[in-house]
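Take a look at the letters that make up each chain.
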Amino acid sequence: MSLPHNLETLRREIRGYAREYGLDFFEVFFEILTYDQMNEIAAYGGFPTRYPHWRFGMEYEHLKKSYSYGLHKIYEMVINNDPCTAYLLECNSLVDQKIVMAHVYGHSDFFKNNVWFSRTNRKMLDEMANHATRIRRYMEKHGVEAVEDFIDVCLSIESLIDPHSAFIARERPRDQGYDEEEKQVVHRMRSKDYMMNFINPPDFLEAQRSRMETERQRARRLPEEPARDVMKFLIDQAPLENWQREVLSIIREEAYYFAPQGQTKIMNEGWASYWHSKIMTEKALTDAEVIDYADHHSGTVASHPGRLNPYKLGLELFKDIEDRWNKGRFGKDYEECDDIRRKQDWDLHLGLGRQKIFEVRRLHNDVTFIDTFLTPEFCAEHKLFAYAFNKKTNAYQISAREFRKVKDQLLFGLTNHGQPFIFVTDANHANRGELFLQHRHEGLDLKHDWARETLRNIQRIWSRPVHLLTMVEEKPRLLGFDGKDHTDAEPGSDLAVA
């Protein structure tokens, strides 16, 4: 669907400005949608077609009601694809359409150049349609309820992947200098040739060889190292039917596609906001549009006490990096300067800011972005605090103002998207084929009810008992589910049925 002439003219204008500033993006195709169509697409995660499942309908109803009550309005959506597909809301004013276009070109530049998106499928628009076709085929063959029920199980573990695995080249460990024949050498008693069969009877040697093979098999641990990609391990090792294995693979593939967006939410939105602000204020705005633009932009980057606004934080931090590198406010000399007034007036006129933010856009994700570039001065200027929930007042309140605590809380919430680290450590626990998982505790206990239901779903996939070692109130706990009963006990003690 082609854009109306006036919007196509605006698109070409905004695209030209983006190129002038050095943005390098995929070609972008814009489509105009009504608010109802926009909600439908948003419910599908920005894609026009997804596999059938009740959660998409639930999300659509939520968005529809929220829009009807004036609680939200979706101005734009853009898909990480080559070419990019982006959507414009039909009822937007022209100034809003210009903002959205500039914002979208910023996103597309980020998708194309940020290293964390470099391994994503750039043809996911087609792949999502293929997934939908395959799921519908399984539903026709095995029944809607059976397939949808299994999708529910798969979705409950879609966060149990390893987002870094695409960037890690793993080699199988080399053997310790022995070949298979050497590993199975059976030790014989030395004797003269005519006494060999008496001293080393063949039956004994065969029994010894069999025992050594059994011990070798037991020593071969599966997995050889803790596996963070629980979904892949289940795909490879769980006793699933072919269609179930395919459904689990589909959910895993889509989880990996969306993972970089979760890893770079602050940077991505901050980068797009930076460029729509730059393009609009320096190039595209007319005098009559200034007030409307200011109203829209201020709403986008507004601060919300107790809640992180990724648009605001990302935008301001990119601006701060640009200013610091323009003035030379980095490096050993600046960091070791103890003169507060001198640091406030520090300006070496280096002009490296634009180059630096393009470098940051290319290399970092949210965790490294915050860890590397958040400064005490930035926190003080933008009034960033650490918040905690007060049970007495039943509300969030400021818990700390110290830079280190503020930064640690930000990083804690961003690491692994705030999800727990779960590893498969043994697929033959107690030599009974039971699955043993371990939670790498990062200071926050698992939600007990969520953990129980997730164990139930993993057990459905594995078909044998499943165990999870975790920490509860700084004490080790072993949770389990055998297909009928949940257990909860201290490791090594008799398991208590929960």
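Up top is the structure these notes are about.
Residues numbered from 1 in each chain as written. Predicted model: local features only at pLDDT ≥ 70, side-chain atom pairs only at ≥ 80, totals over all residues. Heavy atoms only, no water.

Focus on the layout of surface pockets
Turning to step 1, where the next piece is worked out: Reported here for the second largest pocket is a volume of approximately 970 Å³.
Turning to step 2, where the next piece is worked out: Lining the second largest pocket are 32 residues, and of these Gly418, Gln419, Pro420, Leu446 and Trp450 sit closest to its centre.
Turning to step 3, where the next piece is worked out: Contributions of two or more residues to the lining of the second largest pocket are made by α20 (403-414), β6 (421-429), β7 (434-440) and α21 (448-462).
Turning to step 4, where the next piece is worked out: Examining the composition of the lining of the second largest pocket, we find that 7 residues originate from one element, α21, more than from any other.
Turning to step 5, where the next piece is worked out: Taken together, the residues that form the lining of the second largest pocket break down as 16 nonpolar, 10 polar and 6 charged. (1 Å grid on protein atoms, 1.4 Å probe; cavity = no way out; pocket = protein on both sides within 12 Å on 5 of 7 lines; lining within 4 Å. Points joined across faces, edges and corners; volume = space filled by probe spheres on them. Helix = DSSP H or I, 4+ residues; strand = E, 2+ residues; numbered from the N terminus. Nonpolar A, V, L, I, M, F, W, Y, C, P; charged D, E, K, R; others polar.)

Things to note about the pairing of strand β8 (residues 466-472)
Both faces of the sheet carry side chains from a regular strand, because those side chains alternate between them.
Turning to step 1, where the next piece is worked out: As judged from the 4 bridges shared by β7 and β8, these two strands associate in the parallel manner. Within the sheet, the bridge partner assigned to Leu435 lies in β8 and is Val466.
Turning to step 2, where the next piece is worked out: Between the parallel pair β7 and β8, the chain is carried across by α21, and the sense of this crossover is right-handed.
Turning to step 3, where the next piece is worked out: Bridge count for β8 against strand β9 (residues 475-481) is 7 bridges, and the pairing is antiparallel. Along β9, the bridge assignment pairs His467 with Gly480. (Pairing = 2+ DSSP bridges. Right-handed = clockwise from strand over helix to strand, strands pointing away.)

So, a nonpolar patch on the surface
Turning to step 1, where the next piece is worked out: Where nonpolar side chains cluster on the molecular surface, the patch consists of Val115, Phe167 and Ile168 and spans about 210 Å² of accessible area.
Turning to step 2, where the next piece is worked out: Relative to the elements of secondary structure, Ile168 occurs in the loop between α6 (144-155) and α7 (180-183). (Patch = residues over 30% accessible without salt bridge, like charges linked within 9 Å, V, L, I, M, F, W, Y side chains within 5 Å. Areas by Shrake-Rupley, 256 points an atom, 1.4 Å probe, with all protein chains shown as cover. Salt bridge = Lys/Arg side-chain N within 4 Å of Asp/Glu carboxyl O.)

Quick notes on the pairing of strand β5 (residues 395-400)
Turning to step 1, where the next piece is worked out: Bridge count for strand β4 (residues 386-390) against β5 is 5 bridges, and the pairing is antiparallel. When the sheet's bridge partners are listed, Ala386 is paired in β5 with Ala400.
Turning to step 2, where the next piece is worked out: The antiparallel hairpin formed by β4 and β5 contains 4 residues in its connecting segment, where Asn394 sits at a positive phi of about 60 degrees.

Observations concerning α21
Turning to step 1, where the next piece is worked out: With 15 residues, α21 extends 21 Å between its outermost C-alpha atoms, agreeing within 8% with the 21 Å of an ideal straight helix rising 1.5 Å per residue.
Turning to step 2, where the next piece is worked out: Listed as buried for α21 are Ala451, Leu455, Asn457, Ile458, Gln459, Ile461 and Trp462.
Turning to step 3, where the next piece is worked out: Packed against the buried residues of α21 are α6, α10 (230-237), β6, β7, β8 and β9.
Turning to step 4, where the next piece is worked out: Within two residues after α21, Ser463 carries a phi angle of roughly 75 degrees, on the positive side. (Expected span 1.5 Å × (residues − 1). Buried < 20%, exposed > 50% of the residue type's maximum accessible area, 1.4 Å probe, protein only. Contact = heavy atoms within 4.5 Å.)

A few points about the packing of aromatic side chains
Turning to step 1, where the next piece is worked out: All chains considered together, the criterion is met by 24 aromatic pairs.
Turning to step 2, where the next piece is worked out: Ring geometry for Phe150 and Trp243: centres 5.7 Å apart, planes at 70 degrees, overall edge-to-face. Linking Phe150 in helix α6 with Trp243 in helix α11 (residues 242-263), this pair joins segments that are 93 residues apart in sequence.
Turning to step 3, where the next piece is worked out: Assessed through its relative accessible area of 8%, Trp243 is described here as buried.
Turning to step 4, where the next piece is worked out: Consider the rings of Trp275 and Phe358, whose centres lie 5.8 Å apart with planes at 50 degrees: the pair is tilted. Taken together, the residues Trp275 in helix α12 (residues 265-284) and Phe358 in helix α17 (residues 353-363) connect sequence positions 83 residues apart. Grouping residues by exposure puts Trp275 and Phe358 together as buried. (Phe/Tyr/Trp six-rings, centres within 6.5 Å; stacked < 30°, edge-to-face > 60°.)

Structural notes on the side chain of Lys278
Turning to step 1, where the next piece is worked out: Within the secondary structure, Lys278 sits in helix α12.
Turning to step 2, where the next piece is worked out: With relative accessibility at 15%, the residue Lys278 sits in the buried group.
Turning to step 3, where the next piece is worked out: The contact partners of Lys278, leaving out residues within four places of it in the chain, are Tyr21, Lys283 and Arg354.

Let's talk about the pattern of salt bridges
Where charged atoms of side chains with opposite charge meet at close range, the side chains can pair.
Turning to step 1, where the next piece is worked out: Using the criterion set out here, one finds 29 salt bridges in the structure.
Turning to step 2, where the next piece is worked out: Residue Lys327 pairs with Asp323 through a salt bridge whose shortest N-O separation is 3.4 Å. Of this pair, Lys327 and Asp323 are both found in helix α14 (residues 310-327), 4 residues apart, which corresponds to roughly one turn of the helix.
Turning to step 3, where the next piece is worked out: Residue classification places Lys327 among the partly exposed residues on the basis of a relative accessible area of 25%.
Turning to step 4, where the next piece is worked out: We classify Asp323 as partly exposed; its relative accessible area is 29%.
Turning to step 5, where the next piece is worked out: With its nearest N and O atoms 3.3 Å apart, the salt bridge here joins Asp408 to Arg404. With Asp408 and Arg404 both in helix α20 and 4 residues apart, this pair spans about one turn of that helix.
Turning to step 6, where the next piece is worked out: On the basis of relative accessible area, Arg404 is assigned to the partly exposed category, the value being 45%.

Regarding the sheet that holds β6
Within a sheet, each strand pairs with its neighbour through backbone hydrogen bonds, oriented either parallel or antiparallel.
Turning to step 1, where the next piece is worked out: Overall, mixed pairing links the 5 strands, which are arranged β6-β7-β8-β9-β10 in an open sheet. One side of each edge strand has no neighbouring strand; the edge strands of this open sheet are β6 and β10 (486-489). Direction aside, the axes of adjacent strands within the sheet are offset by 20 degrees on average.
Turning to step 2, where the next piece is worked out: Note: β6 against β7, 6 bridges, orientation antiparallel. Following the sheet pairing, Asp426 is matched in β7 by Phe436.
Turning to step 3, where the next piece is worked out: Packing of α21 onto the sheet brings it into contact with β6, β7, β8, β9 and β10, and relative to β9 it is tilted by some 45 degrees. (Axes fitted to C-alpha atoms, helices over the stretch in contact; angles between N-to-C directions.)

Remarks on the environment of Ala18
Turning to step 1, where the next piece is worked out: Residue placement: Ala18 occurs in helix α1 (residues 5-20).
Turning to step 2, where the next piece is worked out: For Ala18, a relative accessible area of 0% puts it in the buried group.
Turning to step 3, where the next piece is worked out: When the C-alpha positions of Ala18 and His276 are compared, they lie 9.1 Å apart, and in sequence the two are 258 residues distant.
Turning to step 4, where the next piece is worked out: Every residue in contact with Ala18, bar those within four places of it in the chain, is listed here: Leu23, Phe25, Tyr105 and Ile279.

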